[in-house]
Amino acid sequence: MSDQVKRIGVLTSGGDAPGMNAAVRAVVRTAVGHGIECIGIRRGWSGLISNDFVRLNSSSVSHIINKGGTILYTARSEEFMDRKGREKAIGTCKLLGLDGIVAIGGDGTFRGALALSRQIAEGGQNLSVVGIPATIDNDISCSHYTIGFDTACNTAIECIDKLRDTMQSHERCSVVEVMGRHAGYLALYVGIAVGATAVLIPERELDFENDVVENIRRARLAGSTHYMVVTAEGAASAYEIAKRIKEEIGIDPRVTVLGHIQRGGSPSARDRETASRMGYEAVQVLMTGKGNRIVATRDGRIVDLDMEEALAMTKAFEMDRYDVLEALTNNDSFGYKR
Ligand code: F6P
């Protein structure tokens, strides 16, 4: 263990995710338990540029494990994507005397972390950056799971179950748009969990006739009189899909865009537990002096990976889940759709 780590910063950046607070709490409590001072950087990378901080101790993070959002606030920083912005951020780290930073967030946060770590290395400064994956999109390649995904899925499922009640009563078609500009994990997991008639994801090119019309048709032939189409925002807009359904098969769908409701709410057991373990691990990693790392889950275990290597990884989308959806939802006595 290194006794070089005396003071660390922790920040949340990018889109918030339920469980971020639990991660902040775990970082602070683990650090304090080892005699390390903890500084909360507010408003993500922007706060590191503008020297916006709050000193944290164990009681500052009491009663936040159950809270959605982030007590540290969050932001997406254009300025940090620029070298000059990062230079200012490095200045803040020097001024505050930080030996390490824990950055909690998604893809954009990690791109920032990588750029920062490279710039720090060029300057020969002794400061490590450790990333914790937290995004409702679950789209960080090096980690099988990201904090917030489970809660967001549960929120969307709860909303869709409610929609189903009224769609069933009125024998209607519902088109629901869930978040995910570039990633369809939320749409697909939710689609499976609600037994959606069709799910549209950005990873799969839309074939309207096959993916939407044919699935509704088969559901009708199997006896259904209501239909649930789930689209990820990056695949197609729910309004556009509803319009095409009306034009092509004459039914008049109702549209619901779930939007930011999916990013809020009290984190689920899975998100609290994962966030707590990841936050704990991030501080352990800083204390071992391993350098710039990403904390990740691999097959249920918490691991830490070299930041450069981790962020160069790619993961194949779980297309087999699409087969599960089709097999369970759109088969009928006439057989499985081909
Ligand atoms: O954080 C991820 C995410 O929720 C995406 O699913 C979504 O496309 C995006 O953020 C929305 O970002 P904003 O809150 O800036 O509109």
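To keep things clear, this report deals only with the structure shown in the data block.

What counts and what doesn't
- Counting starts from 1 at the beginning of each chain's written sequence and moves along it residue by residue.
- Totals for whole chains, interfaces and linings use all residues, but because this is a predicted model, local features are given only for residues with pLDDT of at least 70 and pairs of side-chain atoms are given and counted only at 80 or more.
- Water and hydrogen atoms were dropped before computing side-chain values, which therefore reflect all heavy atoms in the structure.
- Strands are treated as partners if at least two bridges between them are detected by DSSP.
- Comment: elements are numbered from the N terminus, with helices defined as DSSP H or I runs of at least four residues and strands as E runs of at least two.
- Structural elements are reduced to axes, namely lines fitted to C-alpha atoms, with helices fitted over the stretch in contact, and the angle between N-to-C directions of any two is expressed from 0 to 180 degrees.
- The term salt bridge refers to a side-chain nitrogen of Lys or Arg lying within 4 Å of a carboxyl oxygen of Asp or Glu.
- Under the scheme applied here, a residue whose accessible area is under 20% of the maximum for its type counts as buried, over 50% as exposed, and between as partly exposed, the area being computed with a 1.4 Å probe on protein chains only.
- Nonpolar cores were defined as sets of buried Ala, Val, Leu, Ile, Met, Phe, Trp, Tyr and Cys residues, with membership established by side-chain atoms within 4.5 Å.
- Where a domain begins and ends is set by an automatic assignment or by a domain database.
- Contact definition: two residues touch when any of their heavy atoms are within 4.5 Å.
- Multiplying 1.5 Å by the residue count of a helix minus one yields the expected span of that helix.

1. Examining the sheet that holds strand β9 (residues 254-257)
The four strands are arranged β7-β8-β6-β9 in an open sheet whose pairing can be described as parallel. The strands lining the two open edges of the sheet, one partner per strand, are β7 (198-200) and β9. Each strand axis lies, on average, 15° off the axis of its neighbour in the sheet, ignoring direction. Pairing analysis gives six bridges linking strand β6 (residues 173-178) to strand β8 (residues 227-232), with the strands arranged parallel. For Ser174, the partnering residue across the bridge sits in β8 and is Met228.

2. Description of the pattern of salt bridges
With the rule as written, the count across this model stands at 21 salt bridges. Across the pair Glu247 and Lys243 runs a salt bridge, and its minimum N-O distance is 3.6 Å. Of this pair, Glu247 and Lys243 both sit in helix α8 (residues 238-249), separated by four residues, roughly a single helical turn. The class of Glu247 is exposed, set by a relative accessible area of 56%. Judged by its relative accessible area of 47%, Lys243 is partly exposed. Each of Arg7, Glu37 and Arg55 takes part in a single network of salt bridges with overlapping partners.

3. Focus: the nonpolar core
By size, the foremost hydrophobic cluster in this structure holds 62 residues, and its most contacted members are Ile8, Val102 and Ile104. The element that contributes the greatest number of residues to this core is helix α5 (residues 149-170), accounting for eight residues. Composition of this core by domain shows at least three residues from each of domain 1 (2-148 + 267-312) and domain 2 (151-263). Among all residues touching Val102, those that are not within four sequence positions of it are Ile8, Gly9, Val10, Leu11, Val27, Val130, Ile132, Ala282 and Leu286. With 29 residues, the next largest nonpolar core counts Ile41, Ala113, Leu116 and Ile120 among its residues.

4. A short note on α5
Helix length check: α5, at 22 residues, gives a terminal C-alpha distance of 31 Å against a target of 32 Å (1.5 Å per residue), a fit within 8%. Along α5, the positions that sit buried rather than exposed are Phe149, Asp150, Thr151, Ala152, Cys153, Thr155, Ala156, Ile157, Cys159, Ile160, Leu163 and Met167. Buried positions along α5 lie against β6, α6 (185-194), β8, β9 and α9 (269-288). Just downstream of α5 lies Glu171, where phi reads positive at about 55°.

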